[in-house]
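Examination of the molecular architecture
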Amino acid sequence: MKLLGKTAIVTGGSRGIGKAIAIKLAEQGANIVVNYSSSPESANEVIRMIEAIGRQGIAIKADVSNPSEVEELISIAEAKFSSIDILINNAGITRDTLLMKMKEDDWDSVITTNLKGTFNCTKAVTKKMIRQRSGKIVSVASVIGIVGNAGQANYAASKAGIIGFTKSIAKELGSRNINVNAVAPGYIQTDMTDKLSAEVKEGLMAGIPLKRLGAPEDVANIVVFLCTEEASYITGQVFNVDGGMVM
Ligand code: NAP
């Protein structure tokens, strides 16, 4: 086990990609804080799975876009586990529509959850990691933040923002022994993509050289690697996990 005794916070750890990351980090020995915003049953199910692996877990409700809820999340986590070694900025939403139909609220909610949420959580844990002189931060961006997508201007902007944020923070925190990286998934099978129309799904599949959708575990595998000491010389990078969709 490569993460024995470490504590990881996974935002949006109740479902989909975040859930897979939480389980795989626990399999490597980490204790896990599973953050969620609206589905306690799913979050508690993840905690049961973590406990079945033999690790400790705690589910904490907090809206990542709200700085005071994030501060509260971090202090509950610290009180329970004393150190915070790993932060996974995974919580994210979509509000897809073409620009001409996009309402201010569609823009604000996606930017605030995805990008400001990443800022809020990173800022809150960074204080502790600087004191510890170690830490791993991995944010879940998207290939859409690299290549854009019609109907997803808000989402693409939020994910491109995460990429710029990741590189900047990696430069700020490198001297403090804190690694900051991002992953950019392509088309991964979760609740988020289940709601796409059959036509959109077919179009996406046509652009994937490996000819299959990704599984949440495909993303989790590289996230876990980035949290280990084996990845200690990697920072400020963005890794596509997309079956070759963007190259
Ligand atoms: P998902 O199945 O819809 O799960 C989203 C998770 O985020 C849930 O745990 C949800 O909590 C949580 N969440 C949403 N808003 C939140 C908030 N304000 N505060 C705290 N938690 C919040 O999504 P997913 O497909 O696993 O996506 C996870 C991440 O990967 C997102 O950042 C997404 O943009 C990114 N991504 C996904 C794909 C894909 O193809 N699926 C591709 C590229 C990138 P509740 O359960 O409480 O609602």
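Report on the accompanying structure. As the structure is a computational prediction, the values presented were derived from the model and not from experiment. Every chain's residues receive numbers from 1 upward, in the order its sequence appears when written. Totals for whole chains, interfaces and linings use all residues, but because this is a predicted model, local features are given only for residues with pLDDT of at least 70 and pairs of side-chain atoms are given and counted only at 80 or more. Heavy atoms from the whole structure form the basis of all side-chain values; hydrogens and water molecules are not counted.

1. Quick notes on the pairing of strand β5 (residues 135–140)
- The cut-offs for exposure are 20% and 50% of the maximum accessible area for each residue type, with area from a 1.4 Å probe on protein chains only; residues under the lower value are buried, those over the upper are exposed, and the others partly exposed. Under the DSSP-based scheme used, a helix requires at least four consecutive residues in state H or I and a strand at least two consecutive residues in state E, with every element numbered from the N terminus. Across the 6 residues that make up β5, a large majority, 6, are buried.
- Burial along β5 is two-sided: Gly135, Ile137 and Ser139 facing one way and Lys136, Val138 and Val140 facing the other are all buried.
- Pairing of strand β4 (residues 86–89) with β5 involves 4 bridges; the strand directions are parallel. Within β5, the position partnered with leucine 87 by the bridge is isoleucine 137.
- The parallel pair β4 and β5 is bridged by helix α4 (residues 104–132), and the resulting crossover is right-handed.
- Strands are treated as partners if at least two bridges between them are detected by DSSP. Where β5 lies against strand β6 (residues 178–185), 6 bridges are found, and the strand directions are parallel. In the strand pairing of β6, valine 138 is matched with asparagine 181. Handedness of a crossover is defined as follows: orient the strands so they point away from the viewer, and if the path from the first strand over the helix to the second runs clockwise, the crossover is right-handed.

2. Digging into the environment of valine 219
- Within the secondary structure layout, valine 219 lies in helix α9 (residues 216–226).
- Valine 219 sits in the buried class, given a relative accessible area of 0%.
- A C-alpha to C-alpha distance of 23 Å links valine 219 and serine 197, two positions 22 residues apart in sequence.
- Ignoring sequence-local partners within four residues, the contact set of valine 219 consists of Ile17, Val183, Pro185, Ile188 and Val241. The criterion used for residue contact is that any of the two residues' heavy atoms lie within 4.5 Å.

3. Brief notes about the packing of helix α3 (residues 67–81) against α4
- The N-to-C vectors of α3 and α4 enclose an angle of 40°; their axes lie 10 Å apart at closest approach. The angle between α3 and α4 places the two elements in the oblique class. Viewed along their axes, α3 and α4 form a crossing whose handedness is right-handed. Packed against α3, whose contacting residues are Pro67, Val70, Glu71, Ile74 and Glu78, the element α4 presents Lys116, Asn120, Cys121, Ala124, Val125, Lys127 and Lys128 at the interface.
- Among the residues making up the contact of α3 with α4, the classes are represented as 6 nonpolar, 1 polar and 5 charged. To get an axis, fit a line to the C-alpha atoms, keeping to the stretch in contact for a helix; angles then go from 0 to 180 degrees between the N-to-C directions. Our angle categories are set so that under 35 degrees counts as roughly parallel, over 145 as roughly antiparallel, 65 to 115 as roughly perpendicular, and the remainder as oblique. Handedness of a helix crossing follows the sense of rotation of the near helix relative to the far helix, less than a right angle counterclockwise being left-handed and clockwise being right-handed. We call Asp, Glu, Lys and Arg charged. Ala, Val, Leu, Ile, Met, Phe, Trp, Tyr, Cys and Pro are nonpolar, and the rest, Gly among them, are polar.

4. A closer look at the side chain of threonine 118
- On the secondary structure map, threonine 118 appears in helix α4.
- By relative accessible area, which is 3% here, threonine 118 ends up buried.
- With near-sequence residues (within four places) excluded, threonine 118 lies in contact with Asn89, Thr113, Ser139, Ile162 and Phe165.

5. Topic: the nonpolar core
- Within the largest apolar cluster, 32 residues are counted, with the highest numbers of intra-cluster contacts made by Ile21, Leu25, Ile32, Val34, Ile50 and Ile88.
- Here the element with the most residues in this core is helix α1 (residues 16–27); it accounts for 7 residues.
- The next biggest cluster of nonpolar side chains, apart from the first, holds 25 residues, and it includes Ile84, Cys121, Ala124 and Leu173. Residues belong to a common nonpolar core when they are buried Ala, Val, Leu, Ile, Met, Phe, Trp, Tyr or Cys residues joined through side-chain atoms within 4.5 Å.

6. What to know about the site of the ligand
- As a structural note, the neighbourhood of the ligand is formed by 31 residues, with Ser14, Ser38, Ser39, Tyr155 and Thr190 the closest of them.
- At 2.8 Å from an oxygen atom of the ligand is found a main-chain nitrogen or oxygen belonging to isoleucine 17.
- Here a polar contact is taken to be a pair of N or O atoms separated by no more than 3.5 Å, where protein atoms must pair a possible hydrogen donor with a possible acceptor and residues adjacent in sequence count only if both atoms sit in side chains. The contact in question runs from an oxygen atom of the ligand to an N or O atom on the side chain of lysine 159, over 2.9 Å.
- Where accessible areas are quoted, they stem from the Shrake-Rupley method and a 1.4 Å probe; at the residue level, only the protein chains shown are allowed to cover. In isolation the ligand exposes 900 Å². Once the protein is present, 94% of that is buried.
- Contributing elements (two or more residues each) for the shell around the ligand: α1, β2 (31–36), α6 (153–173) and α7 (191–194).
- Among the residues forming the shell around the ligand, the class breakdown is 13 nonpolar, 14 polar and 4 charged. Residues are counted as near a molecule or strand when any one of their heavy atoms sits within 4 Å of it.

7. Examining the side chain of lysine 128
- Within the secondary structure, lysine 128 is located in helix α4.
- Here lysine 128 is in contact with Ile74 and Glu78, once residues within four sequence places are set aside.

8. A closer look at the sheet that holds strand β3 (residues 57–61)
- Spatially, the 7 strands line up as an open sheet ordered β3-β2-β1-β4-β5-β6-β7, and their pairing is parallel. Strand pairing shows two members of the sheet lacking a second neighbour, β3 and β7 (238–241), which therefore form its edges. Recorded for the sheet is a direction-independent mean angle of 20° between the axes of neighbouring strands.
- When β6 meets β7, the two strands line up parallel, connected through 4 bridges. Across the sheet, alanine 184 pairs through a bridge with asparagine 240, a residue of β7.
- Contacting β1 (7–10), β2 and β3, α3 runs over the sheet at an angle of about 160° to β3.
- Taken strand by strand, α9 contacts β4, β5, β6 and β7, and its axis lies near 170° from that of β6.

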